Amino acid sequence: MSTPNKDIEKVEVRLKWDPSPHGAPPHDLDIIAATYLAEAPYGSPAYLVHFDSRSPDGTITLDRDSRTGQGFGFDEVMTLELNRLSTAYTRVVVGVAIQQRDGHKTFAEIESTAVQVREGYTNLSEDDFSSVGGATAATVAEFVRAASGVWEFHGTVRGFDGDPDSFAATMGSRTPGM
């Protein structure tokens with residue numbers, strides 16, 4: 001039986017921020033996507049997609065990566081082709097982590113941060129991280145495959161405190177990170 005409900009098929013997660021002040025270490029923010037298998041939707045991620053990587057099947061790709069925030073518009077962009085993702089995966093969580101190699105940095109310390117989740121020309125969500133200003137990382141989107149097979153979007157921003165590795169390991173957990 002077919003359904004008249006439109007499925008979320010292909011989304012973009014777009015991130016921007018202002019560069020650090022002259023002479024200061026660069027602000028480096030990264031989009032990270034974690035996929036979860038049906039048998040462990042809140043366990044460890046089946047795989048991660050971030051800078052220097054992509055999904056094994058090419059359905060999740062980082063199209064633009066910035067290490068400084070310099071540029072016009074959105075500096076980092078990730079595309080998720082949920083309609084092509086294997087049915088073995090029932091959950092995808094997307095987050096943003098601040099690299100911590102030059103000392104502890106939080107969202108409140110970085111000017112003009114913004115994240116958008118878009119499907120085509122439609123904004124599914126937008127946020128500036130002000131609600132998680134003391135965090136070093138945050139989840140920004142969750143996509144869950146319903147029993148009918150369609151993807152549902154949840155856009156709650158949830159802050160975490162830790163380095164990108166610990167964030168990636170726990171970003172899909174049931175308990176808040178901060």
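Rules used in this analysis
- Each residue is numbered by its place in its chain's sequence as written, counting from 1.
- Residue-level local features of this predicted model are given only where pLDDT is at least 70; pairs of side-chain atoms are given and counted only at 80 or more, and the full residue set underlies all totals for whole chains, interfaces and linings.
- Note that water and hydrogens are dropped before the side-chain values are worked out from all heavy atoms of the structure.
- To qualify as a helix, a DSSP run of H or I must reach at least 4 residues; to qualify as a strand, a run of E must reach at least 2; elements of each kind are numbered from the N terminus.
- Two things to know: the radius of gyration comes from C-alpha atoms, and the globule rule equals 2.2 Å times the number of residues to the power 0.38.
- For the accessible areas, the method is Shrake-Rupley and the probe is 1.4 Å, while residue cover comes only from the protein chains on display.
- We score Asp and Glu as negative and Lys and Arg as positive, and we do not count His or the chain ends.
- To locate a charge, the coordinates of NZ of Lys, CZ of Arg, CG of Asp or CD of Glu are taken.
- Between buried and exposed lies partly exposed: a residue is buried under 20% and exposed over 50% of the maximum accessible area for its type, with that area taken using a 1.4 Å probe on protein chains only.
- At least two DSSP bridges between two strands are required for those strands to pair.
- Polar contact is the term for a pair of N or O atoms within 3.5 Å; when the atoms are in protein, one must be able to donate a hydrogen and the other to accept it, and sequence-neighboring residues count only if both atoms are side-chain atoms.
- Any carboxyl oxygen of Asp or Glu that lies within 4 Å of a side-chain nitrogen of Lys or Arg is treated as forming a salt bridge with it.
- Axis lines are fitted through C-alpha atoms, for helices just across the contact stretch, and the angle between N-to-C directions can take any value from 0 to 180 degrees.
- Put simply, buried Ala, Val, Leu, Ile, Met, Phe, Trp, Tyr and Cys residues joined by side-chain atoms within 4.5 Å make one nonpolar core.
- Working rule for contacts: check all heavy atoms of both residues, and any pair within 4.5 Å makes them a contact.

**Student:** Even after reading the chapter, I still don't get the overall build of the chain, so can you show me in this structure?
**Tutor:** Of the regular secondary structure elements, the chain holds 1 helix and 11 strands. For the chain, the sequential pattern of α-helices and β-strands runs β-β-β-β-β-β-β-β-β-β-β-α. A compact globule built from 178 residues should have a C-alpha radius of gyration of about 16 Å, and the chain, at 16 Å, falls within 12% of that. Each principal axis of the C-alpha distribution contributes one length, and for the chain these read about 60 × 30 × 30 Å. Taken as a whole, the chain presents about 8900 Å² of accessible surface, with 49% of it coming from carbon and sulfur. Considering the chain, the positive charge centre built from 15 side chains and the negative charge centre built from 26 side chains are found 4 Å apart.

**Student:** What am I meant to see in the pairing of strand 1 (residues 10-16) here?
**Tutor:** Looking along a regular strand, one sees the side chains alternate between the two faces of the sheet. Taking every second residue as pointing to the same face, the buried face of strand 1 carries Val 11, Val 13 and Leu 15, while none of Lys 10, Glu 12, Arg 14 and Lys 16 on the other face is buried. With 6 bridges connecting them, strand 1 and strand 5 (residues 76-81) associate as antiparallel partners. In the strand pairing of strand 5, Lys 10 is matched with Glu 81. Pairing analysis gives 5 bridges linking strand 1 to strand 7 (residues 114-119), with the strands arranged antiparallel. Within strand 7, the residue paired with Val 13 across the bridge is Val 117.

**Student:** What am I meant to see in the side chain of Ser 20 here?
**Tutor:** The residue Ser 20 is located in the loop between strand 1 and strand 2 (29-37) in this model. Polar side-chain contacts of Ser 20 include one of 3.4 Å to the backbone oxygen of Ala 24. At 2.9 Å, the side chain of Ser 20 forms a polar contact with the backbone oxygen of Pro 25.

**Student:** I'm lost on the pattern of salt bridges in this one. Help?
**Tutor:** Where charged atoms of side chains with opposite charge meet at close range, the side chains can pair. Scanning the entire structure with this criterion turns up 4 salt bridges. Note that Asp 28 is salt-bridged to Arg 101, the shortest N-O span being 2.7 Å. Linking Asp 28 in the loop between strand 1 and strand 2 with Arg 101 in the loop between strand 6 (89-98) and strand 7, this pair joins segments that are 73 residues apart in sequence.

**Student:** Can you walk me through the sheet that holds strand 4 (residues 60-64) in this structure?
**Tutor:** Consider a sheet: its strands pair through backbone hydrogen bonds, and that pairing is either parallel or antiparallel. Read from one edge to the other, the open sheet built from 5 strands follows the order 4-5-1-7-8, with strand pairing classed as antiparallel. Each edge of the open sheet is held by one strand with a lone partner, namely strand 4 and strand 8 (122-127). Between one strand axis and the next, the sheet turns through 20 degrees on average, direction left out of account. Bridging between strand 4 and strand 5 involves 4 bridges; their strand directions are antiparallel. Bridging from a neighbouring strand, Arg 64 pairs with Val 77 of strand 5.

**Student:** Looking at this model, I keep getting lost on the nonpolar core. Mind explaining?
**Tutor:** The nonpolar side chains of a soluble globular protein tend to be buried with one another. If you look at the biggest cluster of nonpolar residues, it comprises 34 residues, and the most contacted ones within it are Leu 80, Val 92, Val 94, Phe 107, Phe 129 and Phe 143. Taken together, the elements giving at least two residues each to this core come down to strand 1, strand 2, strand 3 (47-49), strand 4, strand 5, strand 6, strand 7 and strand 9 (137-145). Broken down by element, the residue count for this core peaks at 5 residues, all from strand 6. Contact partners of Leu 80, with chain neighbours within four places excluded, come to Glu 9, Lys 10, Val 11, Val 13, Thr 59, Ile 60, Val 92 and Val 94. Ala 34, Tyr 36, Ala 137 and Met 171 belong to the second-largest nonpolar core, a separate cluster that totals 9 residues.

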